[in-house]
Amino acid sequence: MVNTAAKVKVDPRDAKLSMAHFFVAFGALALGGLMGLLQTLVRSGKFELPWGIGYYQILTAHGVLMGLVLTTFFIMGFQYAAVSRTAGTHSPAARRTGWIGFWLMTAGTLMSGTMILLNEASVLYTFYAPLKAHWIFYLGLTFVVVGSWVDGAAQIMTYAKWRKNNPGKPSPLLSFMAVINTVMWIVATLGVAATVLFQLLPWSLGLVDTVDVLISRTLFWYFGHPLVYFWLLPAYMCWYAIIPKIIGGKIFSDSLARLSFILFLLFSIPVGFHHQLTEPGIDPAWKFIQVILTFMVIIPSLMTAFSLFATFERYGRSKGATGLFGWFKVLPWNDARFTVPFIGMASFIPAGAGGIINASNQMDQVVHNTIWVTGHFHLTAATSVVLTFFGISYWLVPHLTGRKLTKAMNKLGIIQAWVWFIGMAFMSGAMHFQGLLGGPRRSAFSTYGDSKQALEWIPYQIAQAVGGTILFLGIILVLVIFINLAFFAPKGEEEFPVGEAENLQEKAPMVFENWKLWLGITAALILFAYTIPFIDIIQNAPPGSKGFKTW
Amino acid sequence: MAKAELKTKHQTEIEDSSSLKGTLASVFILGLFIIVSWVSVYYLFVDRF
């Protein structure tokens, strides 16, 4: 009995490292959220920033804190705990590795954050050259990336130990998924590491005068698209492998879940050109090929949708639900651990549909660089992903701190998710419509000389400020819940739910764990998609650009 | 007559508990939503360019 309890609980030493990640993540949420609120207020035209603070400074802070810091810290903390729970407690060496990674990332965050606050790095989170930040900003981001590699290595070490101790057996599903995401992250961040180390750092240090903008952007988007899947896959881990247990059902198919993760590893990287469809200097034939590869990623997403519907329907029918959609009503709507991620899942339907529009060459002409795109990733990252992360933290934080999710906090969690959903419907909805009317993204308030078209955008910008304000209330609520669960909730045992497959006889094929094969195909696809266009970009490069400081 | 009725009812229940027709309907609705939104923006493109 004691043994069983020990197995289902994350070791307190591992719990401490996971919680350390969550403190930084939620700290970033607090500060980044405030910046987001200020942005929507500025863009409404009714508010000006005091003390000479620039719009692009808070935009950079919001993007870096939410898109890079909150996500990377939460994901690493969650995956570290998930591997500990399913593949066994981390060894002291793995735990030490994890701590080194955590401190490297934290140091990097402080370096970059300080430079943003000092107004030395208002280059937005995509840090597009030729905008030039202080070199400490780039060095800080390097620390965050290298730290995440070291942090991820801890998970890989524990996974490798499990494989060694259990030859011929498929690894635990959650550990497998965590390792896929970590491996994808390492392969993807090679691009951003290359542009920072070989281009942006030497250039910002004054060692070279100019930068090749197209190479820098291409390396950034080689990383930038898999970055969004790095955010999404931990949410999918929860949807595939944790939600079935929470609702009392079963995982529809363990093998299907693994296959979809492998497809994400293969197809989420060689697709960066779909962010550069309007960019001159890249051969359209290669843009076309990468758009096709982008569309391949729709397959695992639709597999996920099918699998989740099937899990819910099977569970509902086992509870006696009848009719075409009777199963929908019997789902546990009063359980925040389910309802909060469910709202995230539902949001992924319009989010995914928007993504297919963005990646289609012709439609990209309609929405490129408009605020539609901002609306899109506030549905994917800032609703689907983040609500799932909130839902995870409602059981994971008390599990790690030895506390209980109380009824009051459970209720507040559900209220928080609805507040978020309503705020986002206003903000992201208005962004989508304004984008279709041509409203630009990445821009402060302007009436553009009172042009008729720009004046049409203003009501949408006011709607975004209303939405942003509601969302900020949502951030206050989630911080209240987080602090309560971390420090004040009553002591007790909160379950770390891990789902079981419906058919236990169905053993996942061992080929899924053949890393040489999957990494080989990943590398082949990347080399295929990038080698020729990259040689072309270098050989036909325009003169390099000097740096600009526009703020 | 009564026997036959009983048999039919029994068969329906078995079919229903493992049925995934709601899933099928859901994925069709999802697919339809994707197609409708894609075609709408496609028409915006055709209209403008």
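An unreviewed UniProt entry annotates chain B as Cytochrome c oxidase subunit 2A originating from Neobacillus citreus.

Chain A has the name B(O/a)3-type cytochrome-c oxidase subunit 1 in an unreviewed UniProt entry, where Neobacillus rhizophilus is given as its organism. Under the heading Sequence similarities (unreviewed entry), UniProt records this for chain A: "Belongs to the heme-copper respiratory oxidase family."

Peer 1: So, the overall build of chain A: which residues are in play, and what are the values?
Peer 2: From N to C terminus, chain A includes 17 helices and zero strands. In terms of C-alpha radius of gyration, chain A reaches 23 Å, essentially the compact-globule figure of 24 Å for 551 residues. The principal-axis extents of the C-alpha atoms in chain A amount to approximately 70 × 50 × 45 Å. Burial statistics for chain A: of 551 residues in total, 61% are counted as buried. Here the analysis covers contacts within chain A between residues at least 6 apart in sequence; of these, 84% occur between residues at least 24 apart.

Peer 1: Give a detailed account of the side chain of Arg43 of chain A, specifying residues and quantitative values.
Peer 2: Residues and elements named next belong to chain A. By secondary structure assignment, the location of Arg43 is in helix H2 (residues 12–44). One buried charged residue, Arg43, forms no salt bridge at all, with the nearest opposite charge on Glu456 at 13 Å. Once residues lying within four places of it in the same chain are set aside, the contact partners of Arg43 are Tyr55, Ile371, Gln434, Pro440, Ser443, Phe445, Gln461 and Gln464.

Peer 1: Go over the packing of aromatic side chains with me, naming the residues and quoting the values.
Peer 2: All names here are of chain A. What the rule picks out here adds up to 52 aromatic pairs over all chains. With 5.3 Å between their ring centres and 35° between their planes, Tyr229 and Phe264 make a pair best called tilted. Of the two residues, Tyr229 is situated in helix H7 (residues 213–247) and Phe264 in helix H8 (residues 254–267); the sequence distance between them amounts to 35 residues. Arranged with centres 4.9 Å apart and planes meeting at 90°, the rings of Trp333 and Phe342 form a pair that is edge-to-face. Feature note: the residues Phe22, Phe23, Phe26, Phe74, Phe78, Phe389, Phe390, Trp420, Phe482, Phe487 and Phe488 constitute an aromatic cluster, connected by ring pairs. Here Lys132 stacks its cationic end above the ring of Trp203, 5.2 Å away from the centre of that ring.

Peer 1: For the pattern of salt bridges, give the residues involved together with the corresponding values.
Peer 2: Residues and elements named next belong to chain A. If you walk through the whole model with that rule in mind, you get twelve salt bridges over all chains. In this structure, Arg314 engages Glu502 in a salt bridge whose closest nitrogen and oxygen atoms are separated by 2.3 Å. Of this pair, Arg314 sits in helix H10 (residues 298–318) while Glu502 sits in the loop between helix H16 (452–488) and helix H17 (515–539), and the two are 188 residues apart along the sequence. Residue classification places Arg314 among the partly exposed positions, given a relative accessible area of 22%. Among the residues examined, Glu502 registers a relative accessible area of 35% and is labelled partly exposed. Among the salt bridges present, the one from Arg337 reaches Asp335, with a minimum N-O distance of 2.8 Å. Bridged by salt links that share partners, the residues Arg163, Asp254, Arg258 and Glu513 form one connected network.

Peer 1: Which residues make up a nonpolar patch on the surface, and what are the values?
Peer 2: All names here are of chain A. Among the surface-exposed residues, Trp418, Phe421, Ile422, Phe426, Ile462 and Val466 lie close enough to one another that they form a single nonpolar patch of about 520 Å² accessible area. At the level of secondary structure, the elements contributing two or more residues to the nonpolar patch comprise helix H15 (407–436) and H16. The element contributing the most residues to the nonpolar patch is H15, with four residues. Note on placement: Val466 falls in helix H16. Residue class for Val466 comes out partly exposed when judged on its relative accessible area of 37%.

Peer 1: A description of the packing of H7 of chain A against H8 of chain A should follow, citing residues and the corresponding values.
Peer 2: All names here are of chain A. For the pair H7 and H8, interaxial distance at closest approach is 12 Å and the crossing angle is 180°. The angle between H7 and H8 falls in the class roughly antiparallel. Mapping the contact onto sequence places Tyr229, Leu233, Tyr236, Met237 and Tyr240 in H7 and Leu256, Ala257, Ser260, Phe261 and Phe264 in H8. Of the residues that constitute the contact of H7 with H8, the class distribution is nine nonpolar, one polar and no charged.

Peer 1: Explain the interface of chain B and chain A residue by residue, including any values.
Peer 2: Frequently, the measure chosen for interface size is the accessible area that the parts lose on association. With 23 residues of chain B at the contact, the number on the chain A side is 28 residues. Here chain B and chain A share zero salt bridges between them. At the surface where chain B touches chain A, the tally comes to six residue pairs in polar contact (both at pLDDT 80 or more). For the side of chain B that touches chain A, the elements supplying multiple residues, two or more each, are helix H1 (2–17) and helix H2 (21–48) of chain B. A per-element tally of the side of chain B that touches chain A places H2 of chain B first, with 17 residues. Within the side of chain B that touches chain A, the residues separate by chemical class into 13 nonpolar, seven polar and three charged.

Analysis parameters
Residues numbered from 1 in each chain as written. Chains lettered and ligands numbered in written order. Predicted model: local features only at pLDDT ≥ 70, side-chain atom pairs only at ≥ 80, totals over all residues. Heavy atoms only, no water. UniProt positions renumbered as here; feature names shortened; annotations may be inferred. Helix = DSSP H or I, 4+ residues; strand = E, 2+ residues; numbered from the N terminus. Rg over C-alpha atoms; globule rule 2.2 N^0.38 Å. Buried < 20%, exposed > 50% of the residue type's maximum accessible area, 1.4 Å probe, protein only. Contact = heavy atoms within 4.5 Å. Lys, Arg positive; Asp, Glu negative; His and termini not counted. Salt bridge = Lys/Arg side-chain N within 4 Å of Asp/Glu carboxyl O. Phe/Tyr/Trp six-rings, centres within 6.5 Å; stacked < 30°, edge-to-face > 60°. Lys NZ or Arg CZ within 6 Å of the ring centre and 35° of its normal. Patch = residues over 30% accessible without salt bridge, like charges linked within 9 Å, V, L, I, M, F, W, Y side chains within 5 Å. Areas by Shrake-Rupley, 256 points an atom, 1.4 Å probe, with all protein chains shown as cover. Axes fitted to C-alpha atoms, helices over the stretch in contact; angles between N-to-C directions. Parallel < 35°, antiparallel > 145°, perpendicular 65-115°, else oblique. Nonpolar A, V, L, I, M, F, W, Y, C, P; charged D, E, K, R; others polar. Polar contact = N/O pair within 3.5 Å; in protein donor to acceptor, adjacent residues only side chain to side chain.

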